[in-house]
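What the coordinates show
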Amino acid sequence: MKAQFYYIKTYGCQMNITDSNRIRTILDNAGFTETKSVEDTDIFIAVSCSVRERAEAKTLNHIRDLKRSRGKNKPVLTVLTGCMVRRDHKNSVCKNTQENVRNLKQKSGNSIDIYIDLRDIKRLPQKLSKLGKGSDSPITINERTPSSYLQLQQKHTPDGIEAYIPIMTGCSQFCTYCIVPFSRGEEFCRTKKAIIADVETALSSGKKIIVLLGQIVDKWSQDGKTFLDLLKSVCRIDGEFFVTFLSPHPSFITNEIIDYIFKEPKMLKYLGLPLQAGSNRILKKMNRTYTTRKYLKLIDYIRSKEMNTGKLLYLTTDIIVGFPSETKNEFNETVEILNQIQFNKVFLAYYSERPFSIAAKVFPDDIPLAEKKKRKQILIEVTDKIFESKNKALLGKEVTVIAKTQKIGFMDTYQFVEILNLPPNSIGKVLKGKITYGGRYGIRVKVF
C-alpha cells in the first residue's frame, strides 16, 4: 500500500527552504498530502544541511529518534535528501557519494529508507512507491545539469513574507573548508527569464521580500549579463516589495553593486559579506582569494556611501574560529578587524572538519576544541558589545518596517525587530514607526 501523508523537516540554510518547496510541488502533484504533524505522517523527509558536523548529527538523531518512537506498530518511511547525500563535484562521478551513503547508513543504524540526490528529486514519488526499496539502489545522478530540478515551481507556504529565489546552485570556488562544491556539485546559473518568473510567482503569492540565493550569489552571469543586471531587472517588476541577496563573496562584489543597494528604493539596505578570518595567511589557506586590505577597501567604500547619502547599511559577516594552524596572534588579528569594522551582526562558528573537503585532506585539525570554544567566546563578547552599541544609537529614530507577524518584522535594513501596537490586517504592509528600545536584546519599534 502506498503511503500518502508526508512531513518535511528543513535543516540549515534558505536554499534548503526552496528545495523543500519544490519537493512539495512534486509530491502534491503526485497525489501525496502534506501533514503539519510528524506524529501523523507516513513519510518523513529530511532536507539536510552539511555545512557543519553538528547539523548532520542533528539530522541523524532526529531520524533515529523518530524511527524508535514510532516502532513497528506505526512505521514511518524516512527519506534523506539535501546536502548530506551528495559528495561529488562532477555530475558523472559517484564514487565519493557511494562511500558517503555507506557511512550514513552505518551512522544512522540503517534508519534511513531512501537516499536521493536533489537533482534527481523528480523521481521521489517513484522511489516512495517502492516503500523503502530505494535504499538498496545505487545513488546515481541522472541529469547532466540541475536545470530540470530548478525548473520545478516552488509551492510557497502561506506563512511568512519572504520568498527565497535561487538564481544559481553549486559552487566551483573551492574554499578549502567548504563542503558545498561536493554536496551541491558544479556551479550552474539559472536564466534571467526563469528567475523573473519565479519572482513574479512569489509576488502573486503575497510575498513582500524577495531574497535571491546562490552559493556565491554575486558570481551569477548569463548571456553576457551580470549580477547587477539581474538585480535591476528584478527591481523593475511592478509592485511594492523589497529585494536582497545571500550570500555574496567579497571578490565579486563591486562598487557598482554597492551603489545600487544605496540608490534603488526596492533594495533593502543590507549586505552580508563573509570575512571568515582576519589573518591574510589564514585567508590564503582558506582559498578566499582576497586579502584583508581588499576587504577593508570595500568597507571604506560602504562607509563613504553612508556618509554621502545619510543612509546606514546593516552590515553582517561570518567568521570561522580555529581554522587549522591559526595562531593566537592570527586570532587576535580577527579580533582587531572586527573592532575596526564594527559589523552590525557577526555569525560565528568554530572550524568543523568536513569529510571530502580540501582542508580535511591536507590540513590537520590541530586546534583543540576547548581552545576553539575559548576563542569563540572572546568573539561573542566583542561582537555582542558592538551589536548593543549600534542598537542603542538608533533609539528614537523614525524607521520603515515591514510586518512579518502581528509582533515581529523587519526594518528596511533587513534587521529583525519587535513591533508594538500593530494595527489589524497589517501583515506584509510597509509602515512607519519609531524605535522605542535599542540594546542587547535587539530593536523594538512602535508603529504610527
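Read on for an overview of the structure. Since we're looking at a predicted model, the values are computed, not measured.

Rules of the game
Once a new chain begins, its residue numbering starts again from 1 and follows that chain's sequence as written. Local features in this predicted model are restricted to residues of pLDDT 70 or higher, and side-chain atom pairs are both shown and tallied only at a pLDDT of 80 or more, whereas totals for entire chains, interfaces and linings draw on every residue. To obtain the side-chain values, all non-hydrogen atoms of the structure were used and water was disregarded. Elements are defined by DSSP. Helices are runs of H or I of four residues or more, strands are runs of E of two residues or more, and each kind is numbered from the N terminus. Burial here depends on accessible area, computed with a 1.4 Å probe over protein chains only, as a share of the maximum for the residue type. Under 20% is buried, over 50% is exposed, and the range in between is partly exposed. Two N or O atoms count as a polar contact when they lie within 3.5 Å, although within protein this holds only if one can serve as hydrogen donor and the other as acceptor, and sequence-adjacent residues are included solely when both atoms are side-chain atoms. The contact definition used throughout considers only heavy atoms, calling two residues in contact when any of these lie within 4.5 Å. Strand pairing is defined by DSSP finding a minimum of two bridges between the two strands. Fitted lines through C-alpha atoms serve as axes, helices being fitted only where they are in contact, and the angles separating the N-to-C directions of these axes extend from 0 to 180 degrees. Whenever a carboxyl oxygen of Asp or Glu lies within 4 Å of a side-chain nitrogen of Lys or Arg, that contact is scored as a salt bridge. The length a helix should cover is 1.5 Å for every residue beyond the first. Grid points spaced at 1 Å and placed over the protein atoms alone form the basis of the search, with a cavity being a set where a 1.4 Å probe fits but cannot get out and a pocket an open set showing protein on both sides within 12 Å along at least five of seven lines. Lining residues have an atom within 4 Å of a point. Grid points are joined across faces, edges and corners, and a volume is the space filled by probe spheres set on the points. Basically, the charged four are Asp, Glu, Lys and Arg, the nonpolar ten are Ala, Val, Leu, Ile, Met, Phe, Trp, Tyr, Cys and Pro, and anything else, Gly included, counts as polar. Only centres within 6.5 Å qualify two rings of Phe, Tyr or Trp (six-membered ring in Trp) as a pair; their planes then separate them into stacked at under 30 degrees, edge-to-face at over 60, and tilted for everything else. The arc in question is the one traced by the directions running from the helix axis out to the C-beta atoms.

It is worth spelling out the side chain of Thr-400 at this point. If you trace the backbone, Thr-400 turns up in strand E16 (residues 398-403). Its relative accessible area of 12% is what places Thr-400 among the buried residues. Within the structure, Thr-400 has its side chain in polar contact with the side chain of Lys-432 (distance 2.8 Å). Beyond its immediate sequence surroundings of up to four residues, Thr-400 is in contact with Phe-410, Met-411, Asp-412, Val-430, Leu-431 and Lys-432.

With that settled, consider unusual backbone geometry. Residues other than glycine predominantly adopt negative phi, and peptide bonds predominantly adopt the trans conformation. Leu-246 connects to Ser-247 through a cis peptide bond whose omega is -15°. Along the chain, Ser-247 turns up in the loop between strand E12 (242-246) and helix H9 (255-263). The phi torsion at Phe-174 lies on the positive side, around 60°, for a residue other than glycine. Within the element layout of this structure, Phe-174 appears in the loop between strand E7 (168-169) and helix H6 (180-183).

Time to look at the sheet that holds strand E17 (residues 408-411). For sheets, the rule is that strands pair by backbone hydrogen bonds, running either parallel or antiparallel. Spatial ordering of the closed barrel is given by E16-E17-E18-E20-E19, a layout of five strands whose pairing is mixed. Each neighbouring strand pair of the sheet contributes to a mean axis angle of 50°, computed without reference to strand direction. In this structure, E17 lies alongside strand E18 (residues 416-420), joined through three bridges in antiparallel fashion. Counterpart to Gly-409 in the pairing with E18 is Val-417. Together, strand E19 (430-439) and strand E20 (442-447) form the strand contacts of helix H14 (residues 369-392), whose direction differs from that of E19 by roughly 125°.

What follows is about the sheet that holds E12. Taking strand neighbours across the sheet as the criterion, the three strands line up as E6-E9-E12 in an open arrangement whose pairing is parallel. Bordering the open sheet on either side are strand E6 (162-166) and E12, each of which pairs with just one other strand. Each neighbouring strand pair of the sheet contributes to a mean axis angle of 25°, computed without reference to strand direction. As paired strands, strand E9 (residues 209-213) and E12 are joined by five bridges and run parallel to one another. The residue bridging Leu-212 from the neighbouring strand is Phe-245, located in E12. Its contacts with the sheet place helix H1 (residues 14-29) against E6, E9 and E12, and it is angled at close to 90° to E6. In this fold helix H7 (residues 192-204) packs onto E6 and E9, with an angle of close to 165° to the strand it touches most, E6.

So, about the pattern of salt bridges. The final tally for this structure, using the stated rule, is 23 salt bridges. Linking Asp-259 and Lys-305 is a salt bridge whose minimum nitrogen-to-oxygen distance equals 3.4 Å. Of this pair, Asp-259 sits in helix H9 while Lys-305 sits in helix H11 (residues 292-309); the two residues are 46 residues apart in sequence, bridging distant segments of the chain. Each member of the salt-bridge network shares a partner with another, and the members are Arg-22, Arg-190 and Asp-198.

Turning our attention to H11. Given a rise of 1.5 Å per residue, 18 residues ought to cover 26 Å, and the 26 Å separating the end C-alpha atoms of H11 matches this to within 8%. Of all the residues in H11, the buried ones are Thr-292, Tyr-295, Leu-296, Leu-298, Ile-299, Ile-302, Lys-305 and Glu-306. Those residues of H11 that are buried are in contact with H9, strand E13 (270-272), helix H10 (280-285), strand E14 (314-321) and helix H12 (328-341).

In this approach the atoms are scanned with a rolling probe the size of a water molecule, which exposes any empty space left behind. Under the defined criterion, the tally for this structure stands at one cavity of 30 Å³ or more. Empty space within the largest cavity amounts to approximately 80 Å³. Around the largest cavity, the lining residues are Gly-82, Arg-86, Asp-117, Leu-118, Arg-119, Tyr-149, Thr-169, Ser-183 and Arg-184. When its residues are assigned to classes, the lining of the largest cavity shows two nonpolar, three polar and four charged.

Okay, the packing of aromatic side chains next. Throughout the structure, instances matching the rule amount to eleven aromatic pairs. With centroids separated by 5.8 Å and ring planes inclined at 70°, the aromatic side chains of Phe-174 and Phe-182 adopt a geometry described as edge-to-face. With 5.0 Å between their ring centres and 85° between their planes, Phe-227 and Phe-245 make a pair best called edge-to-face. Residue Phe-227 is located in helix H8 (residues 227-235), and its partner Phe-245 is located in strand E12; the two are separated by 18 residues in the primary sequence.

Another aspect to go through is H12. The terminal C-alpha atoms of H12 lie 20 Å apart, and with 14 residues this matches the ideal 20 Å at 1.5 Å per residue to within 8%. Where H12 is concerned, the buried positions are Glu-330, Phe-331, Thr-334, Val-335, Ile-337, Leu-338 and Ile-341. Looking straight down H12, one finds that the buried residues subtend no more than 165° of arc, so they occupy a single side. Residues Lys-328, Asn-329, Glu-336 and Gln-340 are exposed on H12 and point more than 90 degrees away from its buried face.

Our focus in this paragraph is the layout of surface pockets. If you add up the space inside the second largest pocket, you get close to 570 Å³. For the lining of the second largest pocket, the secondary-structure elements that each account for two or more residues are H11, H14, E16 and E19. Per-element tally for the lining of the second largest pocket: the top contributor is E16, with three residues. Counted by class, the lining of the second largest pocket contains eight nonpolar, seven polar and nine charged residues.

Turning next to the environment of Glu-187. One can find Glu-187 in the loop between H6 and strand E8 (188-189). Exposure remark for Glu-187: the relative accessible area of 26% places this residue in the partly exposed category. There is a polar contact of 3.3 Å between the side chain of Glu-187 and the side chain of Lys-219.

Here the focus is the pairing of E9. Moving residue by residue along a regular strand, the side chains alternate between the two faces of the sheet. Buried residues dominate E9, accounting for five of its five residues. Across the two faces of E9 the burial is the same, with Ile-209, Val-211 and Leu-213 and Ile-210 and Leu-212 all buried. Looking at chain direction, E6 and E9 are connected through five bridges and run parallel. Looking at the pairing, Ala-163 lines up with Ile-210 of E9.

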